[in-house]
Amino acid sequence: MTCYDRQDLGLLLLRLGTGGVLAAHGAQKLFGWFGGGGIEGTGAAMEAMGYAPGKQSAAMAGLAEAGGGALLALGLATPAAGAAAAGAMTGAAAVHAPNGFFAAAGGYEYAASLALTAAGLAVTGPGRISLDHVLGHAVNRGWMVPAALAVTGAATAVVVGLRNRRVREAAEFGQETLFDE
């Protein structure tokens, strides 16, 4: 019988908590569960926030959150799961950034916390109480961490950059958006 240490238990708690929250947020976007808007409602909201096309943006964000969150909770494909979740939450943080840091004022505090925790788990790994460990880390190799974070970082930079350009152009032409940033 294997004796788990505090680090393994701590990583399990971080994975379950962060992964569960992310999976629930993704389920709101994808299925309308937990009071979410589903693809239709979230797609309209994403479009209004500058993420276009809205439905595809909602689907991608929902998949990154639900899939990344579920995989983090399970401790499976941890580098890719953490990177995907961090990318999605960075996109959310971009929407809230103009409101400052604190979530109470509509800021990016919450999204940034989830993004950093997911990225930290991608780097640290899932610990021994995980499917990655059970499977001999077949989808959790050292080289996968920088690869997953680099690919996700590049994709996120492009998506957020395009969104920021759309928001600027809308402001220049006096178009009204549904959501304040």
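Refer to the structure above for everything that follows.
Quantities reported herein were computed from a predicted structural model and do not represent experimental measurements.

For this particular structure, what's the right way to read the packing of aromatic side chains?
Under the definition given, this model contains 4 aromatic pairs. Judged by centre distance (4.8 Å) and plane angle (35 degrees), the ring pair of phenylalanine 31 and tryptophan 33 falls under tilted. Its relative accessible area of 49% is what places phenylalanine 31 among the partly exposed residues. Between phenylalanine 101 and phenylalanine 102 the ring centres are 5.0 Å apart and the planes differ by 80 degrees, which places this aromatic pair in the edge-to-face class. For phenylalanine 101, a relative accessible area of 37% corresponds to the partly exposed category. Here a set of aromatic residues connected by ring pairs shows up, and it is made of Phe31, Trp33 and Phe34.

Honestly, the environment of glycine 100 in this entry has me stumped. Any pointers?
Tracing the sequence through the fold places glycine 100 in the loop between helix 4 (78-96) and helix 5 (109-124). Ignoring sequence-local partners within four residues, the contact set of glycine 100 consists of Gly107 and Tyr108.

Would you take a moment to explain the pattern of salt bridges for this structure?
Side-chain pairs of opposite charge can arise whenever the charged atoms involved come near each other. This model, assessed by the stated rule, comprises 4 salt bridges. One salt bridge in this structure joins arginine 128 and aspartate 8, with 2.7 Å as the shortest N-O distance. Taken as a pair, arginine 128 in the loop between helix 5 and helix 6 (131-134) and aspartate 8 in helix 1 (residues 6-31) lie far apart in primary sequence, 120 residues in all. Here lysine 29 ties to glutamate 65 by a salt bridge, and the two come within 3.0 Å at their closest N and O atoms. With lysine 29 in helix 1 and glutamate 65 in helix 3 (residues 54-74), the pair connects residues that are 36 residues apart, well separated along the chain. Summarising the burial analysis for this pair, lysine 29 and glutamate 65 share the class buried.

Quick question: what am I supposed to make of the nonpolar core here?
Grouped burial of nonpolar side chains is what soluble globular proteins tend to show. Judged by nonpolar contacts, the single largest core of 13 residues is most densely connected at Leu22, Leu72, Ala85, Met89 and Ala118. For this core, the elements supplying multiple residues, two or more each, are helix 1, helix 4 and helix 5. Contact partners of alanine 118, with chain neighbours within four places excluded, come to Thr18, Leu22, Leu72, Gly82, Ala85 and Ala86.

Would you mind showing me how to read a nonpolar patch on the surface here?
Residues Leu74, Leu131, Val134 and Leu135 make up a contiguous nonpolar surface patch of roughly 370 Å² in combined accessible area. Along the chain, leucine 135 falls in the loop between helix 6 and helix 7 (144-172).

Mind showing me how you'd approach the layout of surface pockets here?
A water-sized probe, rolled over the atoms, reveals where empty space remains. The computed volume of the largest pocket comes to approximately 1000 Å³. As for the largest pocket, its lining consists of 44 residues, and the residues nearest its centre are Met46, Ala61, Ala88, Gly91 and Ala92. Sorting elements by how many residues they give to the lining of the largest pocket places helix 4 first, with 9 residues. Here the lining of the largest pocket is composed, by residue class, of 25 nonpolar, 14 polar and 5 charged.

I would appreciate a short explanation of the packing of helix 4 against helix 7 in the present structure.
Each pair of packed helices can be described by the angle between their axes along with the distance between the axes. Interhelical geometry of helix 4 versus helix 7 gives an angle of 20 degrees and a closest axis separation of 9 Å. On the basis of their axis angle, the class for helix 4 and helix 7 is roughly parallel. Judged by the sense of rotation from one axis to the other, the crossing of helix 4 with helix 7 is right-handed. On helix 7, the residues touching Pro79, Ala80, Ala83, Ala84, Gly87, Thr90, Gly91, Ala94 and Val95 of helix 4 are Met144, Val145, Ala148, Leu149, Thr152, Thr156, Val160 and Arg163. Of the residues contributing to the contact of helix 4 with helix 7, the split by class is 11 nonpolar, 5 polar and 1 charged.

Please clarify how the side chain of serine 57 should be interpreted in this entry.
Within the secondary structure, serine 57 sits in helix 3. Of the residues examined, serine 57 reaches a relative accessible area of 15% and is grouped as buried. Here proline 53 takes part through its backbone oxygen, which lies 2.8 Å from a polar atom of the side chain of serine 57. Apart from the residues lying within four places of it in its own chain, the contact partners of serine 57 are Met46, Tyr51 and Ala52.

What counts, and where the lines are drawn
Residues numbered from 1 in each chain as written. Predicted model: local features only at pLDDT ≥ 70, side-chain atom pairs only at ≥ 80, totals over all residues. Heavy atoms only, no water. Phe/Tyr/Trp six-rings, centres within 6.5 Å; stacked < 30°, edge-to-face > 60°. Buried < 20%, exposed > 50% of the residue type's maximum accessible area, 1.4 Å probe, protein only. Helix = DSSP H or I, 4+ residues; strand = E, 2+ residues; numbered from the N terminus. Contact = heavy atoms within 4.5 Å. Salt bridge = Lys/Arg side-chain N within 4 Å of Asp/Glu carboxyl O. Core = buried A, V, L, I, M, F, W, Y, C linked by side-chain atoms within 4.5 Å. Patch = residues over 30% accessible without salt bridge, like charges linked within 9 Å, V, L, I, M, F, W, Y side chains within 5 Å. Areas by Shrake-Rupley, 256 points an atom, 1.4 Å probe, with all protein chains shown as cover. 1 Å grid on protein atoms, 1.4 Å probe; cavity = no way out; pocket = protein on both sides within 12 Å on 5 of 7 lines; lining within 4 Å. Points joined across faces, edges and corners; volume = space filled by probe spheres on them. Nonpolar A, V, L, I, M, F, W, Y, C, P; charged D, E, K, R; others polar. Axes fitted to C-alpha atoms, helices over the stretch in contact; angles between N-to-C directions. Parallel < 35°, antiparallel > 145°, perpendicular 65-115°, else oblique. Left-handed = near helix turned anticlockwise from the far one by under 90°. Polar contact = N/O pair within 3.5 Å; in protein donor to acceptor, adjacent residues only side chain to side chain.

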